[in-house]
Amino acid sequence: MTNKSLIFSPVYQDILNAIDAVDPVAYGSDRNFLDGSVSRLSPYISRGVISTKMVMERIQERDLPREKIEKFIQELAWRDYWQQLWIAHGEAINQDLKKPQQPVNHYGIPEAIAGHRTSIKAIDDCIEAFYETGYLHNHVRMYIAGISCNLGFAHWLHPAQWMYYHLLDGDWASNALSWQWVAGSNSHKKYVANQSNINKYCYSDQKGTFLDVPYSAFDQWEIPQELEKSVKLDLRSPLPTTEAINIDPKQNTLIYNYYNMDPKWHEGAPANRILLLEPAIFEKYPVGQNAINFLLSLRTNIPELQVFVGSFADLKAQAGTSAIIYKEHPLNTHYTGTEEARDWMFPVEGAYHSFFAFWKKCKKTAVYHEA
Ligand SMILES: Cc1cc2nc3c(=O)[nH]c(=O)nc-3n(C[C@H](O)[C@H](O)[C@H](O)COP(=O)(O)OP(=O)(O)OC[C@H]3O[C@@H](n4cnc5c(N)ncnc54)[C@H](O)[C@@H]3O)c2cc1C
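Residues numbered from 1 in each chain as written. Predicted model: local features only at pLDDT ≥ 70, side-chain atom pairs only at ≥ 80, totals over all residues. Heavy atoms only, no water.

Looking at an unreviewed UniProt entry, the protein chain carries the name Cryptochrome/DNA photolyase FAD-binding domain-containing protein, with the source organism given as Persicobacter psychrovividus. UniProt lists a comment for the protein chain under the heading Cofactor (unreviewed entry), and it reads "FAD". (UniProt positions renumbered as here; feature names shortened; annotations may be inferred.)

Written out as structure tokens, the structure reads:
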């Protein structure tokens, strides 16, 4: 059931085709199953190649009944919701946001998770495939986070960093805040699933595992032997070597980065186009080789994009009198120049206390009603 041959084409037309291939109606009922109608668009959205708004509008153009596509639109809105929280809270999302996670026994990751040896076959297979594809189904992300934090009593941060490192769609807001949501530091209730739930959604039929218990067993839980060992991983970003860049001071300098690889941004305008990879950012939020390779593959859509590995200050010094333009993002707050807005699905800003409070507000906007 796992798909090790999953690959993500960097070609823009293939990405548009992938949006058109989404079945948002089937998604409403089968998305939680491992083979459900999930879109696999997240690597492109996370890297800023396409926006949630663009996906929503393209899906809406099909004139399907609004209530039948609502689930898909709502899931897209989760990403905007988490991003708004990141903007509002900044680095505070790197700590327990609403209340302390409890109990916490260690600050590593269960070795069995990282080594795909939990003894839960469906999960182990998915983690093994994940190392190759850089993609995990949402339900499996939840299972992994629940096992790590709520049954292995790991603090959420290091396992979240591990997942972010290997994901092609790493988005620190969706990642950190979803881990916190599962671990109960950003939600009312911790998320746990037992073996029969995993069997149902992953089409396995395993019995006799440490998860083969009724839900009531989770109330008085002791760490099972399989999850006892914890490791701290040395996560380092294999950044490429920097290129000697050419900047024409008479033209603007457009900054692309890990969260902005948008080929339509100022498309066709004369400009210096620089993919800025700042070691300090990647030290704080490390990503692995697959994620870097995927990022670099997306250069194919942006002609004459030059790669600069260094700090923003160093780039600015090289840019001289060229005017710098960049897109707004919580990791760009130290940039200077002209900041341009990102695309959002709805004109709803700020830190709502729950997704559903945010979503209620989105549904009241003219954008939702005109669609
Ligand atoms: C522990 C955990 C960690 C996660 N880490 C990340 C991450 O680093 N990067 C990331 O992009 N998503 C993350 N997610 C959210 C979600 O799992 C992925 O966005 C989704 O699985 C991507 O696959 P897809 O494109 O096939 O999604 P689909 O189910 O097809 O959904 C369509 C789009 O809606 C958005 N979306 C759907 N579900 C969510 C959600 N729960 N939260 C936010 N946006 C959502 C995504 O943009 C996604 O591409 C995480 C979820 C969990 C539980």
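The rest of the description comes next.
Novice: Talk me through the nonpolar core; I want residue IDs and the actual numbers.
Specialist: If you look at the biggest cluster of nonpolar residues, it comprises 104 residues, and the most contacted ones within it are Ile 144 and Trp 172. Per element, the largest residue contribution to this core is 10 residues, and it comes from helix 5 (residues 66-89). Listed in part, the 12 residues of the second largest apolar core include Phe 312, Leu 315, Ala 319 and Tyr 326. (Core = buried A, V, L, I, M, F, W, Y, C linked by side-chain atoms within 4.5 Å. Buried < 20%, exposed > 50% of the residue type's maximum accessible area, 1.4 Å probe, protein only. Helix = DSSP H or I, 4+ residues; strand = E, 2+ residues; numbered from the N terminus.)

Novice: I'd like a rundown of the pairing of strand 5 (residues 305-309), residues and numbers included.
Specialist: Most of strand 5 is tucked away, with 5 of its 5 residues classed as buried. Here strand 5 shows no split at all, with Leu 305, Val 307 and Val 309 on one side and Gln 306 and Phe 308 on the other all buried. Note that strand 4 (residues 272-277) and strand 5 share 5 bridges and pair parallel. Among the inter-strand pairings, Leu 277 is bridged to a residue of strand 5, identified as Val 309. (Pairing = 2+ DSSP bridges.)

Novice: Describe the environment of Ile 302, naming the residues involved and giving the relevant values.
Specialist: Structurally, Ile 302 is set in the loop between helix 13 (289-297) and strand 5. Sequence separation between Ile 302 and Val 192 is 110 residues, and the spatial gap between their C-alpha atoms is 43 Å.

Novice: Kindly report on the sheet that holds strand 5, identifying the contributing residues and their values.
Specialist: One open sheet accounts for 5 strands, arranged 5-4-3-6-7; its pairing is parallel. The sheet terminates laterally at strand 5 and strand 7 (338-340), the two strands that pair on one side only. Averaged over all neighbouring strand pairs, the angle between strand axes comes to 30°, with direction disregarded. Note: strand 3 (residues 253-256) against strand 6 (residues 324-327), 2 bridges, orientation parallel. In the sheet register, Thr 253 faces strand 6, and the bridge partner there is Ile 324. (Axes fitted to C-alpha atoms, helices over the stretch in contact; angles between N-to-C directions.)

Novice: Go over the site of the ligand, please, and point to the residues and values.
Specialist: Surrounding the ligand, one finds 28 residues, the nearest of these being Tyr 27, Ser 39, Arg 40, Arg 79 and Tyr 135. Contacts to the ligand include Arg 40, whose backbone N or O atom sits 2.7 Å from an oxygen atom. Within the side chain of Asn 138, a nitrogen or oxygen atom sits 2.7 Å from an oxygen atom of the ligand. Residue assignment for the shell around the ligand shows that the elements contributing at least two residues are helix 3 (42-46), helix 5, helix 8 (138-151) and helix 10 (172-183). Tallying contributions element by element places helix 5 first for the shell around the ligand, with 6 residues. In the shell around the ligand, the residues fall into 14 nonpolar, 8 polar and 6 charged. (Near = heavy atom within 4 Å. Polar contact = N/O pair within 3.5 Å; in protein donor to acceptor, adjacent residues only side chain to side chain. Nonpolar A, V, L, I, M, F, W, Y, C, P; charged D, E, K, R; others polar.)

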